[in-house]
Amino acid sequence: MKNLLPKETWALIQQQPDALFVDVRMEIESLYVGRPPGVHTIAWYEYPDLHPDPAGFVAAVEREAGDKARTVILICRSGKRTVDAGRALEAAGFTDVVNVIHGFEGELDDHFHRSTLNGWRFDGLPWEQM
């Protein structure tokens, strides 16, 4: 799995517009907090269980990707869920998986706020909100 910073990921998306960009957060989370435009929501886990279903996730990504050699870019809130999701994809035979370091909102600052230190939104990259 490649680990790229948000700006590096944006450059990759511009170079490879056929890459599958997947937001692994719950859809409601990405709608209310924001998400990159054009991202496909395939949740790593769902409410109320909040337990990952690796097999279900892999199957959904495989349906969307159509080919395990297709570049799959994963983003979440802070870059943590995507690590486990990426490992599941690689274990299932995906060969080009990218994790967005710091995710959409980034790490918590000293006041427990996100988007103040790093992340997709902090870097000023395109995003949309419900």
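This structure is a prediction, so every number in the text was calculated from the model and none was measured.

Draft legend 1. Representation of the overall build of the chain in the model. A count of helices and strands for the chain gives 4 helices and 5 strands. Reading the secondary structure of the chain in the N-to-C direction produces β-α-β-α-β-α-β-α-β. Over its C-alpha trace the chain gives a radius of gyration of 14 Å, about what one expects of a compact globule, namely 14 Å for 130 residues. C-alpha atoms of the chain, sized along the principal axes, occupy 40 × 35 × 25 Å. Out of the 130 residues in the chain, the part that is buried amounts to 45%. By sequence separation, contacts in the chain at least 24 residues apart represent 63% of the contacts at least 6 residues apart. Within the structure as shown, the chain displays about 6,800 Å² of accessible surface, and the carbon and sulfur contribution to it stands at 52%.

Draft legend 2. Structural detail: the sheet that holds strand β3 (residues 40-41). The strand order across the open sheet built from 5 strands is β1-β5-β4-β2-β3, with neighbouring strands paired in parallel fashion. The sheet terminates laterally at β1 (2-4) and β3, the two strands that pair on one side only. Here strand β2 (residues 20-23) pairs with strand β4 (residues 72-75) via 4 bridges, running parallel. Directly across from F21, in β4, lies its bridge partner I73.

Draft legend 3. Looking closely at the environment of T9. Residue position: T9 is located in helix α1 (residues 6-15). The buried category is assigned to T9, whose relative accessible area is 0%. Once the C-alpha coordinates of T9 and I73 are considered, the two residues, 64 residues apart in sequence, prove to be 8.0 Å apart. Discounting residues that sit within four places of it in the chain, T9 has contacts with L4, I73, V100 and W120.

Draft legend 4. Representation of the environment of L31 within the structure. For L31, the location among the structural elements is in helix α2 (residues 27-33). For L31 and M130, which are 99 residues apart along the polypeptide, the C-alpha to C-alpha distance reads 5.1 Å.

Draft legend 5. Representation of the nonpolar core within the structure. The biggest cluster of nonpolar side chains holds 18 residues, and the ones touching the most others in it are V24, F57, V61, V72, L74, L89 and F94. Secondary-structure elements contributing two or more residues to this core are β2, α3 (54-65), β4 and α4 (81-91). For this core, the leading source of residues is α3, giving 5 residues. For V24, the contacting residues outside a window of four places in its chain are I42, A43, W44, F57, L74, I75, C76, R81, T82 and A85. Counting residues in each nonpolar core, the second largest holds 13 residues, with L4, I13, V100 and F104 among its members.

Cut-offs applied
Residues numbered from 1 in each chain as written. Predicted model: local features only at pLDDT ≥ 70, side-chain atom pairs only at ≥ 80, totals over all residues. Heavy atoms only, no water. Helix = DSSP H or I, 4+ residues; strand = E, 2+ residues; numbered from the N terminus. Rg over C-alpha atoms; globule rule 2.2 N^0.38 Å. Buried < 20%, exposed > 50% of the residue type's maximum accessible area, 1.4 Å probe, protein only. Contact = heavy atoms within 4.5 Å. Areas by Shrake-Rupley, 256 points an atom, 1.4 Å probe, with all protein chains shown as cover. Pairing = 2+ DSSP bridges. Core = buried A, V, L, I, M, F, W, Y, C linked by side-chain atoms within 4.5 Å.

Geometric descriptors of this kind do not, in isolation, establish any biological role.
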